[in-house]
Amino acid sequence: HSPQLMASNPGLGNLLKGAIGLPFGLAMVTLTGAELFTGNVFVMVSGLASKKITTKDVATNWTLSFLGNLIGSVFIAYMCSYTNTTASIAASVSALAAAKCSMCFGVLFAKGVMCNWLVCIAVWCAMAAQSVPGKILGIMIPITTFATVGFEHSVANMFLIPQGMLAGAAVTTKQFLVGNLLPVTLGNIVG
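Residues numbered from 1 in each chain as written. Predicted model: local features only at pLDDT ≥ 70, side-chain atom pairs only at ≥ 80, totals over all residues. Heavy atoms only, no water.

A. A look at the overall build of the protein. Helix and strand content of the protein: nine helices and zero strands. Each helix and strand of the protein, placed in order from N terminus to C terminus, yields the pattern α-α-α-α-α-α-α-α-α. For a compact globule of 191 residues, the expected C-alpha radius of gyration is about 16 Å, and the protein comes in at 16 Å, within 12% of that figure. Taken over the C-alpha atoms alone, the protein extends approximately 50 × 35 × 30 Å along its principal axes. In the protein, which comprises 191 residues, the share counted as buried stands at 40%. Taking as baseline every contact in the protein between residues at least 6 positions apart, the subset at least 24 positions apart corresponds to 78%. Entry remark: accessible area of the protein is about 9,800 Å², with carbon and sulfur atoms responsible for 74%. (Helix = DSSP H or I, 4+ residues; strand = E, 2+ residues; numbered from the N terminus. Rg over C-alpha atoms; globule rule 2.2 N^0.38 Å. Buried < 20%, exposed > 50% of the residue type's maximum accessible area, 1.4 Å probe, protein only. Contact = heavy atoms within 4.5 Å. Areas by Shrake-Rupley, 256 points an atom, 1.4 Å probe, with all protein chains shown as cover.)

If you want it as C-alpha cells, here you go:
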C-alpha cells in the first residue's frame, strides 16, 4: 500500500494494484491448482452445463471454496495487521474498508457482476494457454482491468475489509458480511 500515491493519484494506485497484486494472486491460484471461489463459479457452472457434475457438486464446491477463501483471507488480513506498524497504511486500509461498505446493494451487485465476468475471462484465458507466460498474460489483462476500474471481488474483499477493520475502520461485521460481501458475492455468481 502506498497511501501517498493513492491520495495523490488513485487511478495510478489502482492500476499498479491491478497490474501486480491481484493478477499475481490469481496466477498463483491457477498455476498451483488452488481453489478460488470466483474462478470456481465459472468452472463449476461449465461442468454443470455439460452434465459432467451435479448441482450438489456445485453447492459443495462453492461452499467449501467460499469458506476456505474467507478463512484464509481473514487470517492473512490478521497477519498483515499484526505486522503493520505505520499509521499511514492503517489509515489507507481503514478508508478503503469504509468506502467498500458504504455503497448501496445495487451498485455492489453490478460491480460484482462486471468483476467476475472479467475474472471468468481471465480463468478461461489461463485454461486455454499452453505456457506459463501465456497463462500469466491471459490473467493480467482482465484482472488489471477490473482492479483499475474499481469493480468488486468477493474474495479480495474478504481480505481488504477485515484488514481495514483490524486497522480501526468503523465497519461492523454485519456491514462487512451483509452490506458488502453478500451483494458482491451474488454479483460475482451472476457474472
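Picking up after the structure, the text goes on.
B. Representation of the packing of helix α4 (residues 55-83) against helix α8 (residues 154-166) in the model. Where α4 contacts α8, the axes come no closer than 8 Å and their chain directions differ by 35°. Between α4 and α8 the crossing geometry is right-handed. Residues Phe66, Asn69, Leu70, Ser73, Val74, Ile76, Ala77, Tyr78, Cys80 and Ser81 of α4 pack against Val155, Met158, Phe159, Pro162, Gln163 and Leu166 of α8. Residues belonging to the contact of α4 with α8 are distributed by class as follows: twelve nonpolar, four polar and no charged. (Axes fitted to C-alpha atoms, helices over the stretch in contact; angles between N-to-C directions. Left-handed = near helix turned anticlockwise from the far one by under 90°. Nonpolar A, V, L, I, M, F, W, Y, C, P; charged D, E, K, R; others polar.)

C. Examining the layout of surface pockets more closely. The computed volume of the second largest pocket comes to approximately 230 Å³. Sorting the residues of the lining of the second largest pocket by element identifies α2 (10-32), α3 (37-49) and α6 (105-128) as the ones contributing at least two each. The element contributing the most residues to the lining of the second largest pocket is α3, with four residues. Residues of the lining of the second largest pocket, tallied by class, amount to eight nonpolar, five polar and one charged. (1 Å grid on protein atoms, 1.4 Å probe; cavity = no way out; pocket = protein on both sides within 12 Å on 5 of 7 lines; lining within 4 Å. Points joined across faces, edges and corners; volume = space filled by probe spheres on them.)

D. How the structure looks around a nonpolar patch on the surface. On the surface, Phe75, Ile76, Tyr78, Met79, Tyr82 and Leu166 cluster together to form a nonpolar patch covering roughly 640 Å² of accessible area. At five residues, α4 tops the list of elements feeding residues into the nonpolar patch. When you line up the elements, Met79 lands in helix α4. (Patch = residues over 30% accessible without salt bridge, like charges linked within 9 Å, V, L, I, M, F, W, Y side chains within 5 Å. Salt bridge = Lys/Arg side-chain N within 4 Å of Asp/Glu carboxyl O.)

E. Geometry of the packing of α3 against α6. With their axes 9 Å apart at the nearest point, α3 and α6 run at an angle of 70° to one another. As the angle between them shows, α3 and α6 are arranged roughly perpendicular. Residue-level contacts link Thr38, Gly39, Val41, Phe42 and Val43 of α3 to Asn116, Val119, Cys120, Val123, Trp124 and Met127 of α6. Here the contact of α3 with α6 is built from residues that sort into eight nonpolar, three polar and no charged. (Parallel < 35°, antiparallel > 145°, perpendicular 65-115°, else oblique.)

F. Quick peek at the confidence of the model for the protein. This prediction gives the protein a mean pLDDT of 90; 96% of its residues lie at or above 70. Least confident of the elements in the protein is helix α1 (residues 3-8), whose mean pLDDT is 70; most confident is helix α9 (residues 173-190), at 98. (pLDDT = per-residue confidence, 0-100.)

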